[in-house]
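# Summary of the model geometry
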Amino acid sequence: MALVFHGTVIHSLGPTELEILEDALLIVRADGTVQSLDAGVAKSSVPNLLAARGLDDEVRYLSRGEFLIPGFVDTHNHAPQYAQRGLGQSMHILDWLDNVTFPNEARFADVAYAERIYGACVDGFLRQGITTASYYGSMHADATNILADLCLKKGQRAFVGKCNMNRNAPDFYRDATVESSLGDTEKCIEHIRKIDPESKLLKHVLTPRFAITCDPELLQGLGQIAANNPDLPIQTHFNEAEQEMNFTKTLFPQFDNEVDLYNSYGLLNQRSILAHCCFVSEYELTQLKELGCGVAHCPISNMTVGGGFMAAPIREFLRRGIKVGLGTDSGGGFSASILDAMRQALVASNAREVMSQGRDKGLDLAEIFFLATLGGAQVCCLEDKVGNFRVGKHFDALLINSSRPGVMTMLEDWDSTRTIFDKFIMTGDDRNIELVFVNGRRVKP
């Protein structure tokens, strides 16, 4: 059975190309892919057009203030931290890990606890329109497999990774040996391929937490798994905070920077998702572009945990054609909302403009919307599947109702469609997200 919508459709075609299609007719095939998208179709002509195409499916006619947008892509998310959001704000990153995060993540050795928290996590993100997420799990293989099971059951498109960490963490929360860490990773890869053999929704993502918690042998082993499994994405933290960067250099004095460090272990390529990238040298910028890596920009956590107001150089990434998307970073910040991440990305870019003495101009709403949708899809190497409504892509979408009761700025009779869109981006919340679709399936709890 097809899905048919008539009304306003809004999506990105590129970083500065926001396309607003009014009186659009969007048809989704029974397999969940976009069959056609036509603009300027009079409502009165829809029945005849559908009949001519042999379709008799019910049409959802969107009223003023309702519109379709692509689902949000969260490129950096710690699922075990869903229950600790808002804790430890303003702490330096390594202190925050030791005092808040590691004790919390250790609880996921209890599979019943993992199932409860992960169930709430996936439901919460779907409710807020996150149709694709790149998840760090805990270090526990069983809990990580539970997260994968829940994503598949609830219908979220996801990368799910067992977190690898065998040093510089408490004895109660670290992989016992390099062999056990790699063995658990292989088990998680096997599990995801078993439950979703065609990778319709799920992929395992190789997840060295960061170099501080992985010794050289573990990084080497993960690099070998990456070489043996060229379809797998890779994620880690990269140049997140000065405290982290300085400690990394003491552990790997043979490397001048983190690009060379991770690249030497075979962990940087077009499938790599590098979280934060707050401080990046000219050499690193050049290497990120040449290697095809993607950046997960996490503006909320960058400004609340880590030790400083860290405004990443997003304008420079875009200028150089480096892939960039948004991440909520879950417990690293105070919000699980991509809408909040978009707003904070705007604030961070304005701060960056001042810091750069005007060289890096602040982002506009079209650009932050791109980061949350098509940009994130590019970072995850999923742009051929999701990110906008190009014909043939999977219908991962949100139906926005800006007239729903809530805190969104009220609509005025004279508001244009673009004005309504802007009001939603800057002041709307999950109450305005009426329906959520992944591959044509309704998934909002």
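The rules behind these values
- Residues numbered from 1 in each chain as written.
- Predicted model: local features only at pLDDT ≥ 70, side-chain atom pairs only at ≥ 80, totals over all residues.
- Heavy atoms only, no water.
- UniProt positions renumbered as here; feature names shortened; annotations may be inferred.
- Helix = DSSP H or I, 4+ residues; strand = E, 2+ residues; numbered from the N terminus.
- Rg over C-alpha atoms; globule rule 2.2 N^0.38 Å.
- Buried < 20%, exposed > 50% of the residue type's maximum accessible area, 1.4 Å probe, protein only.
- Contact = heavy atoms within 4.5 Å.
- Lys, Arg positive; Asp, Glu negative; His and termini not counted.
- Charge placed at Lys NZ, Arg CZ, Asp CG, Glu CD.
- Domains from an automatic or database assignment.
- Buried area = accessible area lost by both parts, 1.4 Å probe.
- Salt bridge = Lys/Arg side-chain N within 4 Å of Asp/Glu carboxyl O.
- Polar contact = N/O pair within 3.5 Å; in protein donor to acceptor, adjacent residues only side chain to side chain.
- Core = buried A, V, L, I, M, F, W, Y, C linked by side-chain atoms within 4.5 Å.
- Pairing = 2+ DSSP bridges.
- Axes fitted to C-alpha atoms, helices over the stretch in contact; angles between N-to-C directions.
- Right-handed = clockwise from strand over helix to strand, strands pointing away.

The name given to the protein in an unreviewed UniProt entry is Guanine deaminase, with the source organism recorded as Pestalotiopsis fici. UniProt lists a comment for the protein under the heading Catalytic activity (unreviewed entry), and it reads "guanine + H2O + H(+) = xanthine + NH4(+)". Looking at the protein in UniProt, the text filed under Pathway (unreviewed entry) is "Purine metabolism; guanine degradation; xanthine from guanine: step 1/1."

A few words now on the overall build of the protein. Scanning the protein from N- to C-terminus turns up 14 helices and 18 strands. For 445 residues, the compact-globule estimate of 2.2 N^0.38 gives 22 Å, and the C-alpha radius of gyration of the protein, at 22 Å, lies within 12% of that figure. Dimensions of the protein along its principal axes, counting C-alpha atoms only, are 70 × 55 × 40 Å. The buried share among the 445 residues of the protein stands at 63%. Considering only contacts within the protein whose residues lie at least 6 apart along the sequence, 73% involve residues at least 24 apart. With 42 positive and 56 negative side-chain charges, the protein shows a spacing of 3 Å between the two charge centroids.

For the protein, the assigned domains are domain 1 (3-70 + 388-444) and domain 2 (72-380). In this assembly, 33 residues from domain 1 lie in contact with 25 residues from domain 2. Together, the buried faces of domain 1 and domain 2 total about 2,300 Å²; carbon and sulfur atoms form 68% of this surface. On the domain 1 side of the interface with domain 2, the three residues burying the most area are Pro15, Ile425 and Met426, jointly 24% of the side's total. Where domain 1 meets domain 2, there are one salt bridge. Between Asp396 and Arg157 there is a salt bridge whose closest N-O contact spans 2.9 Å. Linking domain 1 to domain 2 there are seven residue pairs in polar contact (both at pLDDT 80 or more). Taken together, the elements giving at least two residues each to the side of domain 1 that touches domain 2 come down to strand 1 (3-14), strand 5 (66-70), helix 14 (417-427) and strand 17 (433-438).

Residues Ile69, Tyr135 and Met342 are the most contacted members of the largest nonpolar core, which totals 112 residues. Mapped onto the domain boundaries, this core takes at least three residues apiece from domain 1 (3-70 + 388-444) and domain 2 (72-380). Membership of the second largest hydrophobic core comes to 15 residues, among which are Ala24, Leu62, Phe395 and Ala397.

Strand order in the open sheet formed by four strands is 12-13-14-15, with parallel pairing between adjacent strands. Either end of the sheet is taken by a strand with one partner, and the two such strands are strand 12 (234-238) and strand 15 (323-326). Averaged over all pairs of adjacent strands, the angle between their axes in this sheet comes to 30°, without regard to strand direction.

With that out of the way, let us pick up the pairing of strand 7 (residues 130-136). Burial analysis of strand 7 places seven of its seven residues in the buried class, which makes it a mostly covered element. For strand 6 (residues 72-78) and strand 7, the ladder comprises five bridges, and the chain directions are parallel. Residue His78 lies in a different strand from strand 7, and its bridge partner there is Tyr136. Bridge count for strand 7 against strand 8 (residues 157-161) is five bridges, and the pairing is parallel. Paired with Tyr135 across the two strands is Val160, which belongs to strand 8. This β-α-β element, strand 7 to helix 4 (residues 141-154) to strand 8, shows right-handed connectivity.

Below, the discussion takes up the sheet that holds strand 8. With parallel pairing, the four strands of this open sheet are ordered in space as 6-7-8-10. Strand pairing shows two members of the sheet lacking a second neighbour, strand 6 and strand 10 (202-204), which therefore form its edges. Averaged over all pairs of adjacent strands, the angle between their axes in this sheet comes to 15°, without regard to strand direction. Alignment of strand 8 against strand 10, held across three bridges, turns out to be parallel. Note that in strand 10 the partner of Phe159 across the bridge is Lys203.

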